[in-house]
Amino acid sequence: MWKLIKRVLYLLVLFHLLFIFLGRFYNPPVTITQIQGFLKYKKLDRNYISYDDMGDAIKKAILASEDQKFFSHNGFDFKEIKKAIEQNRKRKITRGASTISQQTAKNIFLWQERSWFRKGLELIFTFMIEAVWTKKIILDRYLNCVEMGQGVFGVEAASRYYFGKSAKNLSDSEAAWIAAVLPNPQKYDPRRPSAYLKKKHRWIMKQMKNIVLK
(Lines give C-alpha, C1' and ligand atoms only; values in the text may rest on other atoms or scores of the structure.)
Protein backbone atom coordinates (compact mmCIF):
# COMPACT_ATOMS: atom_id res chain seq x y z
CA MET A 1 0.00 0.00 0.00
CA TRP A 2 2.80 2.43 0.89
CA LYS A 3 4.51 1.69 -2.44
CA LEU A 4 1.26 2.44 -4.24
CA ILE A 5 0.85 5.71 -2.36
CA LYS A 6 4.42 6.76 -3.20
CA ARG A 7 3.89 5.88 -6.84
CA VAL A 8 0.72 7.98 -6.97
CA LEU A 9 2.52 10.90 -5.33
CA TYR A 10 5.40 10.64 -7.79
CA LEU A 11 2.97 10.62 -10.69
CA LEU A 12 1.16 13.67 -9.31
CA VAL A 13 4.44 15.55 -8.94
CA LEU A 14 5.51 14.63 -12.48
CA PHE A 15 2.11 15.62 -13.84
CA HIS A 16 2.25 19.04 -12.22
CA LEU A 17 5.85 19.60 -13.32
CA LEU A 18 4.80 18.81 -16.89
CA PHE A 19 1.74 21.05 -16.50
CA ILE A 20 3.94 23.93 -15.32
CA PHE A 21 6.41 23.41 -18.18
CA LEU A 22 3.64 23.36 -20.78
CA GLY A 23 2.19 26.44 -19.10
CA ARG A 24 5.11 28.41 -20.53
CA PHE A 25 3.55 27.93 -23.95
CA TYR A 26 -0.17 27.36 -23.46
CA ASN A 27 -3.07 28.52 -21.33
CA PRO A 28 -4.68 25.68 -19.33
CA PRO A 29 -7.49 23.86 -21.17
CA VAL A 30 -9.63 24.18 -18.02
CA THR A 31 -9.10 24.98 -14.33
CA ILE A 32 -10.78 23.83 -11.13
CA THR A 33 -12.04 27.38 -10.58
CA GLN A 34 -13.63 27.44 -14.02
CA ILE A 35 -15.31 24.10 -13.37
CA GLN A 36 -16.61 25.44 -10.04
CA GLY A 37 -17.97 28.51 -11.81
CA PHE A 38 -19.65 26.42 -14.48
CA LEU A 39 -21.29 24.14 -11.91
CA LYS A 40 -22.58 27.13 -9.96
CA TYR A 41 -23.75 29.39 -12.80
CA LYS A 42 -24.17 26.86 -15.64
CA LYS A 43 -21.96 29.09 -17.76
CA LEU A 44 -18.31 29.12 -18.79
CA ASP A 45 -17.65 32.35 -20.67
CA ARG A 46 -13.95 32.66 -21.57
CA ASN A 47 -11.83 33.64 -24.54
CA TYR A 48 -8.07 33.18 -24.31
CA ILE A 49 -6.10 35.82 -26.21
CA SER A 50 -2.42 36.70 -26.53
CA TYR A 51 -0.70 39.10 -24.17
CA ASP A 52 -0.28 41.69 -26.93
CA ASP A 53 -3.97 41.53 -27.88
CA MET A 54 -5.05 42.51 -24.37
CA GLY A 55 -4.02 46.14 -24.69
CA ASP A 56 -2.30 48.21 -22.01
CA ALA A 57 -5.33 49.66 -20.21
CA ILE A 58 -6.53 46.41 -18.63
CA LYS A 59 -2.99 45.38 -17.67
CA LYS A 60 -2.40 48.67 -15.87
CA ALA A 61 -5.81 48.55 -14.20
CA ILE A 62 -5.29 45.01 -12.87
CA LEU A 63 -1.76 45.76 -11.67
CA ALA A 64 -2.95 48.97 -10.01
CA SER A 65 -5.75 47.14 -8.25
CA GLU A 66 -4.12 43.84 -7.34
CA ASP A 67 -0.34 44.04 -7.23
CA GLN A 68 1.57 47.24 -7.95
CA LYS A 69 4.91 45.61 -7.05
CA PHE A 70 4.39 42.66 -9.38
CA PHE A 71 7.47 43.26 -11.52
CA SER A 72 9.77 43.80 -8.54
CA HIS A 73 8.90 40.98 -6.09
CA ASN A 74 9.74 37.27 -6.32
CA GLY A 75 6.17 36.10 -5.96
CA PHE A 76 5.53 37.31 -2.41
CA ASP A 77 5.08 40.82 -1.03
CA PHE A 78 6.26 40.37 2.55
CA LYS A 79 5.52 43.97 3.54
CA GLU A 80 1.89 43.55 2.49
CA ILE A 81 1.71 40.19 4.26
CA LYS A 82 2.95 41.81 7.48
CA LYS A 83 0.41 44.64 7.14
CA ALA A 84 -2.39 42.15 6.53
CA ILE A 85 -1.47 40.12 9.61
CA GLU A 86 -1.40 43.25 11.78
CA GLN A 87 -4.71 44.60 10.44
CA ASN A 88 -6.45 41.24 10.68
CA ARG A 89 -5.55 41.08 14.36
CA LYS A 90 -7.22 44.44 14.96
CA ARG A 91 -10.47 43.95 13.03
CA LYS A 92 -12.89 41.23 12.05
CA ILE A 93 -12.68 41.87 8.28
CA THR A 94 -10.01 39.69 6.69
CA ARG A 95 -7.50 41.58 4.58
CA GLY A 96 -5.69 39.59 1.90
CA ALA A 97 -2.14 40.11 0.69
CA SER A 98 -1.84 37.71 -2.21
CA THR A 99 0.27 38.79 -5.15
CA ILE A 100 -0.73 38.18 -8.75
CA SER A 101 1.75 35.30 -8.78
CA GLN A 102 -0.03 33.69 -5.83
CA GLN A 103 -3.43 34.30 -7.38
CA THR A 104 -2.22 32.77 -10.65
CA ALA A 105 -1.05 29.66 -8.81
CA LYS A 106 -4.42 29.40 -7.06
CA ASN A 107 -6.55 30.10 -10.15
CA ILE A 108 -4.74 27.66 -12.43
CA PHE A 109 -3.70 24.79 -10.19
CA LEU A 110 -5.98 24.92 -7.14
CA TRP A 111 -9.46 25.78 -5.92
CA GLN A 112 -11.03 28.85 -4.30
CA GLU A 113 -12.18 27.72 -0.85
CA ARG A 114 -9.84 28.89 1.90
CA SER A 115 -7.88 26.42 3.99
CA TRP A 116 -4.37 26.13 5.36
CA PHE A 117 -3.79 23.09 3.15
CA ARG A 118 -4.71 25.01 0.00
CA LYS A 119 -2.60 27.97 1.13
CA GLY A 120 0.39 25.68 1.60
CA LEU A 121 -0.03 24.28 -1.92
CA GLU A 122 -0.42 27.82 -3.22
CA LEU A 123 2.98 28.77 -1.78
CA ILE A 124 4.61 25.76 -3.46
CA PHE A 125 3.08 26.47 -6.86
CA THR A 126 3.96 30.16 -6.57
CA PHE A 127 7.63 29.28 -6.04
CA MET A 128 7.49 26.94 -9.01
CA ILE A 129 5.90 29.28 -11.54
CA GLU A 130 8.17 32.14 -10.46
CA ALA A 131 11.13 29.84 -11.16
CA VAL A 132 9.89 28.44 -14.49
CA TRP A 133 7.73 31.19 -16.01
CA THR A 134 8.62 34.79 -16.78
CA LYS A 135 6.66 37.68 -15.26
CA LYS A 136 5.03 38.27 -18.65
CA ILE A 137 3.82 34.65 -18.80
CA ILE A 138 2.47 34.80 -15.24
CA LEU A 139 0.55 38.00 -15.97
CA ASP A 140 -0.71 36.57 -19.26
CA ARG A 141 -2.02 33.40 -17.59
CA TYR A 142 -3.63 35.42 -14.79
CA LEU A 143 -5.39 37.83 -17.16
CA ASN A 144 -6.70 34.94 -19.26
CA CYS A 145 -7.90 32.75 -16.38
CA VAL A 146 -8.98 35.00 -13.50
CA GLU A 147 -12.68 34.96 -12.62
CA MET A 148 -14.19 38.36 -13.47
CA GLY A 149 -17.90 37.73 -13.16
CA GLN A 150 -20.45 35.00 -12.57
CA GLY A 151 -19.15 32.32 -14.93
CA VAL A 152 -16.95 34.87 -16.73
CA PHE A 153 -13.20 34.22 -16.91
CA GLY A 154 -10.40 36.31 -18.35
CA VAL A 155 -10.16 39.92 -19.47
CA GLU A 156 -11.38 39.31 -23.03
CA ALA A 157 -14.58 37.58 -21.94
CA ALA A 158 -15.11 40.20 -19.22
CA SER A 159 -14.58 43.06 -21.66
CA ARG A 160 -17.12 41.67 -24.10
CA TYR A 161 -19.54 40.76 -21.30
CA TYR A 162 -19.54 44.16 -19.59
CA PHE A 163 -18.79 46.57 -22.45
CA GLY A 164 -19.33 44.68 -25.72
CA LYS A 165 -15.81 45.23 -27.02
CA SER A 166 -12.40 43.58 -27.11
CA ALA A 167 -10.02 44.11 -24.21
CA LYS A 168 -7.53 45.97 -26.40
CA ASN A 169 -10.19 48.62 -27.11
CA LEU A 170 -11.05 49.33 -23.47
CA SER A 171 -10.65 52.86 -22.20
CA ASP A 172 -8.78 53.40 -18.94
CA SER A 173 -12.08 53.96 -17.14
CA GLU A 174 -13.66 50.78 -18.53
CA ALA A 175 -10.57 48.76 -17.63
CA ALA A 176 -10.68 50.19 -14.11
CA TRP A 177 -14.33 49.15 -13.74
CA ILE A 178 -13.44 45.56 -14.63
CA ALA A 179 -10.47 45.55 -12.24
CA ALA A 180 -12.66 46.97 -9.47
CA VAL A 181 -14.73 43.77 -9.20
CA LEU A 182 -11.69 41.86 -7.94
CA PRO A 183 -11.26 39.99 -5.65
CA ASN A 184 -15.02 39.38 -5.40
CA PRO A 185 -16.31 39.17 -8.98
CA GLN A 186 -19.34 37.09 -8.06
CA LYS A 187 -20.66 39.92 -5.89
CA TYR A 188 -19.88 43.09 -7.84
CA ASP A 189 -20.98 44.22 -11.30
CA PRO A 190 -19.57 47.42 -12.94
CA ARG A 191 -22.87 47.90 -14.77
CA ARG A 192 -24.59 48.32 -11.40
CA PRO A 193 -21.84 49.81 -9.24
CA SER A 194 -22.28 50.20 -5.51
CA ALA A 195 -20.86 53.16 -3.62
CA TYR A 196 -17.91 50.98 -2.65
CA LEU A 197 -17.23 50.00 -6.26
CA LYS A 198 -17.39 53.65 -7.40
CA LYS A 199 -14.86 54.61 -4.74
CA LYS A 200 -12.56 51.75 -5.72
CA HIS A 201 -12.86 52.72 -9.40
CA ARG A 202 -11.70 56.25 -8.65
CA TRP A 203 -8.77 54.91 -6.64
CA ILE A 204 -7.70 52.53 -9.42
CA MET A 205 -7.84 55.33 -11.98
CA LYS A 206 -5.41 57.36 -9.87
CA GLN A 207 -3.10 54.42 -9.29
CA MET A 208 -2.96 53.53 -13.01
CA LYS A 209 -0.92 56.66 -13.64
CA ASN A 210 1.92 55.14 -11.62
CA ILE A 211 1.99 51.77 -13.40
CA VAL A 212 4.82 51.10 -15.84
CA LEU A 213 4.53 47.97 -17.96
CA LYS A 214 7.63 45.89 -18.67
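Presented here is a report on the structure given in the accompanying data block.

Reading guide: rules and limits
- Residues numbered from 1 in each chain as written.
- Predicted model: local features only at pLDDT ≥ 70, side-chain atom pairs only at ≥ 80, totals over all residues.
- Heavy atoms only, no water.
- Axes fitted to C-alpha atoms, helices over the stretch in contact; angles between N-to-C directions.
- Helix = DSSP H or I, 4+ residues; strand = E, 2+ residues; numbered from the N terminus.
- Parallel < 35°, antiparallel > 145°, perpendicular 65-115°, else oblique.
- Left-handed = near helix turned anticlockwise from the far one by under 90°.
- Contact = heavy atoms within 4.5 Å.
- Nonpolar A, V, L, I, M, F, W, Y, C, P; charged D, E, K, R; others polar.
- Patch = residues over 30% accessible without salt bridge, like charges linked within 9 Å, V, L, I, M, F, W, Y side chains within 5 Å.
- Areas by Shrake-Rupley, 256 points an atom, 1.4 Å probe, with all protein chains shown as cover.
- Salt bridge = Lys/Arg side-chain N within 4 Å of Asp/Glu carboxyl O.
- Polar contact = N/O pair within 3.5 Å; in protein donor to acceptor, adjacent residues only side chain to side chain.
- Pairing = 2+ DSSP bridges.

## Describing the packing of helix H5 (residues 100-109) against helix H7 (residues 135-145)
Part 1 of the reasoning: Running from N to C, H5 and H7 cross one another at 55°; their axes reach a closest spacing of 9 Å. Here H5 is positioned oblique relative to H7, judged by the angle of their axes. For the pair H5 and H7, the sense of crossing is left-handed. Taking contact as the criterion, the partners of Ile-100, Ser-101, Gln-103, Thr-104, Asn-107 and Ile-108 in H5 are, on H7, Lys-135, Ile-138, Leu-139, Arg-141, Tyr-142 and Cys-145.
Part 2 of the reasoning: Residues of the contact of H5 with H7, tallied by class, amount to six nonpolar, four polar and two charged.

## Some words on a nonpolar patch on the surface
Part 1 of the reasoning: A surface patch of nonpolar side chains, amounting to about 750 Å² of accessible area, comprises Met-1, Trp-2, Leu-4, Ile-5, Val-8, Leu-9 and Leu-12.
Part 2 of the reasoning: Along the polypeptide, Met-1 turns up in the segment before helix H1 (2-22).

## Quick notes on the side chain of Glu-174
Part 1 of the reasoning: Summarising the element assignment, Glu-174 is placed in helix H9 (residues 172-180).
Part 2 of the reasoning: A distance of 3.1 Å separates the side chain of Glu-174 from the side chain of Lys-165, its partner in a polar contact.
Part 3 of the reasoning: With residues near it in sequence (within four places) discarded, Glu-174 still touches Phe-163, Lys-165 and Asn-169.

## Here's the deal with the sheet that holds strand S3 (residues 152-153)
Part 1 of the reasoning: Taken together, the three strands give an open sheet; going across it, the order is S1-S3-S2, and neighbouring strands pair in mixed fashion. Each having just a single partner strand, strand S1 (45-46) and strand S2 (147-149) make up the two edges of the open sheet.
Part 2 of the reasoning: Bridge count for S1 against S3 is two bridges, and the pairing is parallel. Following the sheet pairing, Asp-45 is matched in S3 by Val-152.

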